Structures are given as C-alpha cells and as structure tokens.
Amino acid sequence: MRLHEYQSKSLFTKYGIPIPNGRIASSAQEVKQICEELGGKVVIKSQVLVGGRGKAGGIRLAKSPLEAEAFAEQILAMEVKGIPVRKVLVDEAVSIDKEIYLSIANDRNSQKPILMASSAGGVDIEETAVKNPEKIIKRTVDPLIGLREYQLRDIAISIDLDRKFWKIFGEIISAVWRLYVDCDATIVEINPLVITADDRVIALDAKIVLDDNSLFRHPDLAEMRDLDAEDPAEIEGRKFGVVFIKLDGNIGCLVNGAGLAMATMDIIKLLGGEPANFLDIGGGASSEKVAAAFRIILADTKVKAILINVFGGITRCDEVARGILEAMKKVKPKIPVIVRLVGTNKEEGMKMLEGTNLITADSLFTAAKLAIENAQGVSI
Ligand code: GDP
Ligand code: MN
C-alpha cells in the first residue's frame, strides 16, 4: 500500500524528519488562502500515487496567492499519468541549494534492507541510475543491528556532503530507518532531501510504501488507504479475501493458493497463452467468494475464457464444485469456463460438474490447453 506524499510527510513529522510548512487542499479557493497564510510563495503539488509528477506538470511553483489559485485550478482539473487529481498539497516554497536522494528499501538480491543515497537527487534520479549508477551509493543494513554510527558517516562522505550537515543528515537517516522498521515499510524514500540556501536540511518530497501483509498490526496506517486511488477490482477482491492482480492476457485464472496460482499462470504461458490475472481465492470456496472472483475477472472485457484450478485440501472438491455451480447461477458468465479439481473428494466434485456447461479437465496441462483453445477459438 502506497501512501500519498502528504500522509508520508505526516509520518516524517512524527519521526522528527524536517518537512516544509504545508497543508492539504481540495479547492483552488483553499489553496489561495493557505498561500496567504504561508507567506505568499508556495509549491502546489498534485497528490496522486505515481512518481514523476514534477515532469508531468503536476507540481507548480506559485509566487503569489492569485497565481497559486490559478495553478491550483489547473492542477485540480488535470490528470497526472492518467490519474485524476483530487487533492493538492500546498507547501511553503524553499530555495534549493542542493538536492539529495535518500531511501531505504527491501532488497531482494541481498535479502536485506538497502540504503541508497546520492548527491544527484531530484527529478532525474532514474536517468542517473541508468547512466551514472556510480553516483548512487548503496549499503545494505543488517536488520538485527540496524544502522551504525560509522555507516552514517560513510554515507555522508560518499555523497560528498559538507561536514557541517553530517549531524542532521545522520539524524534524518536514523529517523528514516526507525520509520521503515516501525511501520513495516518496503520503501521509505526522500527525493529530494534538500539543503536550502539558508543551510537547512528539509525533506521536500516523501514516498512510503507499506507491506500489505503487515497492515493488520497497523490499523492507524491501514486507515490511510485511499480507495479512490486504487483499482476497483483489487478493492472488491480484498473485501472477500481474494487477492487479485490484473495482467494483460485473455485467460482469467481462479485458483486457490498463491503458489498454485503462479504455477497455473506459468503453465498457461508455457503453452503459449496469456493469463489475464493472478487470483488467489484463499481458503474456502463459498459461492459468495467464487461469485466475487468471477465478477472481478469478468470486469475485464478482454477475458475470453476462465480457468478454475482448485486443490481440494481441507476445503473438499465437492464443496468447491457446489460453490462454483452456485456462483455460475449468480453471475452467469457468457464465456467458456474450464475447471480442474484435484485432491480430497475429487470424484464427487467432478461428478457434480457433469452435464453442466462447464468444461472439465483431469490435469492442469489439459485444462490450460483447453482454456487457451477456447480463448483463441483455435486448437493448439
Ligand atoms: P516528483 O516529481 O513526483 O518526485 O515530485 P517532487 O516533490 O520531488 O518535486 C519535483 C521537483 O520540484 C523537486 O525535485 C524540486 O526540484 C521541485 N520543487 C519541489 N518543491 C520545491 C520548492 O519548494 N522550491 C523549489 N524551488 N522547487 C521545488
Ligand atoms: Mn520526488
């Protein structure tokens, strides 16, 4: 779950990371007033859950309340990378001397948190990462030990930071680390962390991504989820305990268990097909759950066939078959549905599906082949 910049900045404040004065607004009128309160020069920042807002025109520097109002009008009416802007953050403008990049993120390769820093922060950091990767320093952090004093100094030296900023820079990194650990974040990024003309160090931007699987222990953070900004199908899925991730293909997949769901997608790809989604219905297979999964899959009009692949363990295959049949009555999909059941009470389950308009298969291989043929209208 990704937080908005203004939400991330409120967490920064809690952890003592300096941010500019600012407030959130949803109308140009409010922006004008906030600008007056903040002294007349502000940055108006679209609050959308994508990066690169600056380059996309979603961030404007206004030099007067009237200008702020006009820019806010424009930004609130625009889309940034296809996402409509509903709110803007109005921050007191600061004059920038230097832009630093700083982040802590999960690193799969080292299987550790990784700290990245660069003196070439700002909107071109992605380009720097490709063209001048040596300008971004990377240090893994032992999760049990955390960041040590010498590491903080090493990072400061590596990005050529003036000695007078070492203390505050070290404090900011330590705060980022604490936030990352406490909140079960997968990314905490400040880009840019600026040194101002009057020698202050301030986090001008903030990006935090939280681990969805840990939200149960952070109800206060879970509440920050912005449903407006998320894919409606994924929200619907979450309501029923269904994990759904949309992909680009034409074969809808309805599977129990994340591993089996991935294996199903692999087999489809192996045989030359394209899965339309990842979907794990989790434990149980009530008709409500299967129906919800059907609706989510069918919302994508590109889907031309659905492949149901269920391993009956504690949830027996006959229960699954009943769930599927009842869900079929509720949703009435107009495209072919291929079912493969295996595990406890497989025979009973398959028997229940006989004589219906469901296409059954004995093996995953056959089921995937049938799904591809039905989706493409040709045999393979
Ligand atoms: P992003 O493009 O989505 O990463 O948005 P940022 O919040 O990082 O803003 C993009 C760029 O706008 C920054 O790198 C700064 O160069 C510039 N910017 C943001 N706030 C200010 C400000 O208060 N003063 C000035 N002069 N520039 C700013
Ligand atoms: Mn940024």
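Residues numbered from 1 in each chain as written. Chains lettered and ligands numbered in written order. Predicted model: local features only at pLDDT ≥ 70, side-chain atom pairs only at ≥ 80, totals over all residues. Heavy atoms only, no water.

J.: Help me get a handle on the packing of helix 10 (residues 287-298) against helix 11 (residues 317-331), residues and values and all.
T.: Following both chains from N to C, one finds helix 10 and helix 11 inclined at 50°, their axes separated by 8 Å at the closest point. By the criterion of interaxial angle, the relationship of helix 10 to helix 11 is oblique. As for how helix 10 packs across helix 11, the hand of that crossing is right-handed. Contact residues: helix 10 offers Ser287, Glu288, Val290, Ala291, Phe294, Arg295 and Leu298, while helix 11 offers Gly323, Ile324, Glu326, Ala327, Met328, Lys330 and Val331. The class makeup of the residues in the contact of helix 10 with helix 11 is eight nonpolar, two polar and four charged. (Axes fitted to C-alpha atoms, helices over the stretch in contact; angles between N-to-C directions. Helix = DSSP H or I, 4+ residues; strand = E, 2+ residues; numbered from the N terminus. Parallel < 35°, antiparallel > 145°, perpendicular 65-115°, else oblique. Left-handed = near helix turned anticlockwise from the far one by under 90°. Contact = heavy atoms within 4.5 Å. Nonpolar A, V, L, I, M, F, W, Y, C, P; charged D, E, K, R; others polar.)

J.: An account of the coordination of the manganese ion (ligand 2) is needed here, citing residue identities and associated values.
T.: For the manganese ion (ligand 2), the protein coordination sphere consists of Asn191 (O) and Asp205 (OD), at 2.2 Å. You can see Asn191 sitting in strand 10 (residues 185-196) and its partner Asp205 sitting in the loop between strand 11 (201-203) and strand 12 (207-210), a full 14 residues away along the chain. The two residues Asn191 and Asp205 agree in class, both being buried. (Donors = N, O, S within 2.8 Å, 3.2 Å for Na, K, Ca; no water. Buried < 20%, exposed > 50% of the residue type's maximum accessible area, 1.4 Å probe, protein only.)

J.: Outline the state of the cysteines, listing residues and values.
T.: For the coordinates displayed, the defined rule picks out zero disulfides. Of all cysteine sulfurs, the one in Cys317 lies closest to Cys253, which takes part in no disulfide; the gap is 18 Å. (Disulfide = S-S within 2.5 Å.)

J.: Describe the pattern of salt bridges, with residues and values.
T.: Side chains that differ in sign of charge can pair as their charged atoms come close. Scanning all chains against the criterion turns up 24 salt bridges. Across the pair Asp124 and Lys55 runs a salt bridge whose closest N-O atoms are separated by 2.6 Å. On the criterion of sequence distance, the pair formed by Asp124 in the loop between strand 8 (112-118) and helix 4 (125-131) and Lys55 in the loop between strand 2 (42-46) and strand 3 (59-62) is long-range, its members being 69 residues apart. For Asp124, a relative accessible area of 35% gives the class partly exposed. Its relative accessible area of 56% is what places Lys55 among the exposed residues. Taking the shortest distance from any N to any O, the salt bridge between Arg200 and Asp198 comes out at 3.4 Å. Residue Arg200 is classed as partly exposed on the basis of its relative accessible area, which comes to 42%. Here the salt bridges do not stand alone but share partners, grouping Glu5, Lys9, Lys45, Arg53, Asp91 and Asp205 into one network. (Salt bridge = Lys/Arg side-chain N within 4 Å of Asp/Glu carboxyl O.)

J.: Residues and numbers for the sheet that holds strand 1 (residues 22-25), please.
T.: What the four strands build is an open sheet, ordered 1-6-2-3; its pairing is antiparallel. Across the chains shown, the open sheet's two edge strands, defined by having one partner strand only, are strand 1 and strand 3. Strand-to-strand twist of the sheet, defined as the mean angle between neighbouring strand axes without regard to direction, takes the value 20°. Direction of pairing for strand 2 relative to strand 6 (residues 88-92): antiparallel, over a ladder of five bridges. Across the sheet, Lys45 pairs through a bridge with Leu89, a residue of strand 6. Running at roughly 170° to strand 1, helix 2 (residues 28-37) makes contact with strand 1, strand 2 and strand 6 of the sheet. (Pairing = 2+ DSSP bridges.)

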